[in-house]
Amino acid sequence: MSRHVQDPAVALIARGLLAEIDALTDEAASLVTAEIDVYRLDGLVPAADLRASVAHNLGYLLGYLAGSETLELDAPRRTGRKRAEQSVPLPEVLRAYRVAIAMLWQRLVDSARAAGHEAEAALLGAASTLWEIADDYSQALTEAYRQTVKQQLIADERRRSALVASLQNGTTRGQPTVWEIAKLLGMPFEGAFLVVVAATPAATEAVPALEMRLRRLEAVSAWRAEPDYDIGVVSYGTRRPVGEILAAISATSDCRMGVSPPYNRLDLTPRATRYAVVALEGLRPGAAGVNQLEDAPLSELMIGNLDTTRRFVERVLGSVLRLPDDDRAMFLATAQAWLDARGSAAEAGRLLYCHENTVRYRLRRLEEHLGGPLGDPTTAAELAAAMQAIRTFPHLRAHVTGSGAAR
C-alpha cells in the first residue's frame, strides 16, 4: 500500500507498543473471548489460534506505524480464510477485529498522552489515516472470508454431485457404499424418497427455489447437473405425505420435471431414476409441467424402451387415436371404464353415466378399430396395456402415424 504515516512521534509510540506485543496480544484475545460468545465455544477457534491471529494482525499494523514494515494485507486475509474454514460467522469475525483494533487505538492514545501534547496532536492528526487502514484490513478479511466460503460451497456441491451420481448409477468397487453415501448426504438409508429430473435450462433457476421449498417441508435434497437436465434425490421422511412434496415440486413454474414413484431405500435410486427420466420424456415437447409415473408392472415394462412402447400403442390404438377429437375421447373413455369395471358393461355404464346397452354398442365399434373381439384374452390384454401406456405417457396420443386400421 502507498499510504504511510510519516510522523516520527507516531512511529516512536508504535515502536514502544511493539515491544509490548505479547501483552497487547493477550489483552486483545481476552477481550474478544469475553465479548463474543462464538470464541468461547470449545474447539471452534482454539485459544492458541486466536492469539496467533491477533498477534499477527497487531504486529503488522504496529510495524507499519513504526516505519519498519510495508503494510500488507496478508494478515487479515489469512484470518478471513482461517475463520471461514472454522465456520465462524463473518459478522462475529469482523466484530472480533473491531474489538482488537479499538483496544489498540486506546493503547496508542494512552501512550500519546503519556508522551506529551506534541505526540497526542500527532496521533490525532494521523487518526483518519489509521482508520482508513483499519477499513482496508476489514475489507481484505471480508473478501478472503467470502472467497473461501465460495470455494467451500463449490467443493461441497461437487462432492454432493458425485455422491448423487453414485446413487443414481449404482455404486461400484472403490466408491462409498450406499450406507456411507446416505450419511454423507444427511439422509437415512431407509425412509421415503423421490427422484426428480428437471430439464435445463429452466432448471438452472428452478432447482434452487425448489430446494428452498423442500427445506421448508423438512425434506432433504441433493442434486447433480447433467447436460440436458438436473437430477435430484429427495428424502422427505415419514411425517410429510408425499402429496405435499409433489405440490412443492408442481409449484415450480416454467420448468419440465419428471418424478419417480415413491421408494423406500436409497439403493433403489437407479431404478427410480429411470422412472423419473422417462416421466420427463413423457411430457409434451416444449410444455412446462410435472409428470410422475406409476410404479406398476406394465410401467416397468414400458420404461425399458419408449420407442417400442410407442410402436405398440400405434399398432393397438392407432386407428382410435386418428379419429376426430370427440370420437377419440368417447372410445378411450369407454375402454377405460370397461377395464376399470373388470369387463362389466353394466358397471362401466354406471361409471360413464349411460345405459349399459350404450356401452355395449360402443364396445362393438371399438372392436372394429382393435381388429378383434374383447372376449379374446389377447385383444383385451393388448387394450389394457395400450391404455396404460397412454395414461403413463400422455404425449403418445399425439405420436400416431400412418393411416387405416390398427391391424
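Thresholds applied
Residues numbered from 1 in each chain as written. Predicted model: local features only at pLDDT ≥ 70, side-chain atom pairs only at ≥ 80, totals over all residues. Heavy atoms only, no water. Axes fitted to C-alpha atoms, helices over the stretch in contact; angles between N-to-C directions. Helix = DSSP H or I, 4+ residues; strand = E, 2+ residues; numbered from the N terminus. Parallel < 35°, antiparallel > 145°, perpendicular 65-115°, else oblique. Left-handed = near helix turned anticlockwise from the far one by under 90°. Contact = heavy atoms within 4.5 Å. 1 Å grid on protein atoms, 1.4 Å probe; cavity = no way out; pocket = protein on both sides within 12 Å on 5 of 7 lines; lining within 4 Å. Points joined across faces, edges and corners; volume = space filled by probe spheres on them. Nonpolar A, V, L, I, M, F, W, Y, C, P; charged D, E, K, R; others polar. Salt bridge = Lys/Arg side-chain N within 4 Å of Asp/Glu carboxyl O.

**Q** I keep staring at the packing of helix α3 (residues 47-66) against helix α4 (residues 74-85) and nothing clicks. Help me out?
**A** To characterise two packed helices, one gives the angle between the axes of the helices and the distance between these axes. Packing of α3 against α4 brings their axes to within 9 Å, and their N-to-C directions diverge by 160 degrees. The angle between the axes of α3 and α4 places the two elements in the roughly antiparallel class. In this structure, α3 meets α4 at a crossing whose hand is left-handed. Every residue of α4 that contacts α3 at D49, L50, S53, H56, N57 and Y60 is listed here: A75, P76, R78, T79, K82 and R83.

**Q** I tried to follow empty space enclosed by the protein on my own but got confused; where do I start?
**A** In this approach the atoms are scanned with a rolling probe the size of a water molecule, which exposes any empty space left behind. According to the stated counting rule, one finds 3 cavities of 30 Å³ or more in the structure shown. In this structure, the largest cavity spans a volume of roughly 140 Å³. Forming the boundary of the largest cavity are 14 residues, of which S53, V54, T79, A96 and Y97 lie nearest the centre. Only α3, α4 and α5 (90-115) provide two or more residues apiece to the lining of the largest cavity. In this structure, the second largest cavity spans a volume of roughly 90 Å³. Lining the second largest cavity are L61, L65, I101, L104, W105, L108, L130, W131 and A134.

**Q** Looking at this structure, how should I read the packing of α5 against helix α6 (residues 117-125)?
**A** α6 packs onto α5 with a crossing angle of 150 degrees between their chain directions and a minimal axis gap of 5 Å. The chirality of how α5 crosses α6 is left-handed. Residues W105, L108, V109, A112, R113 and A115 of α5 touch α6, and the partners they reach there are A119, E120 and L123. Classifying every residue of the contact of α5 with α6 by side-chain character gives 7 nonpolar, no polar and 2 charged.

**Q** Any chance you could explain the pattern of salt bridges here in plain terms?
**A** Pairing of side chains with opposite charge becomes possible as their charged atoms draw close. Scanning the model with the defined rule gives 16 salt bridges in all. With its nearest N and O atoms 2.5 Å apart, the salt bridge here joins E226 to R224. Between D325 and R328 there is a salt bridge whose closest N-O contact spans 2.7 Å. Of this pair, D325 and R328 both sit in helix α14 (residues 325-340), separated by 3 residues, roughly a single helical turn. Look at the salt bridges and you will find they share partners, linking D22, D26 and R51 into a network.

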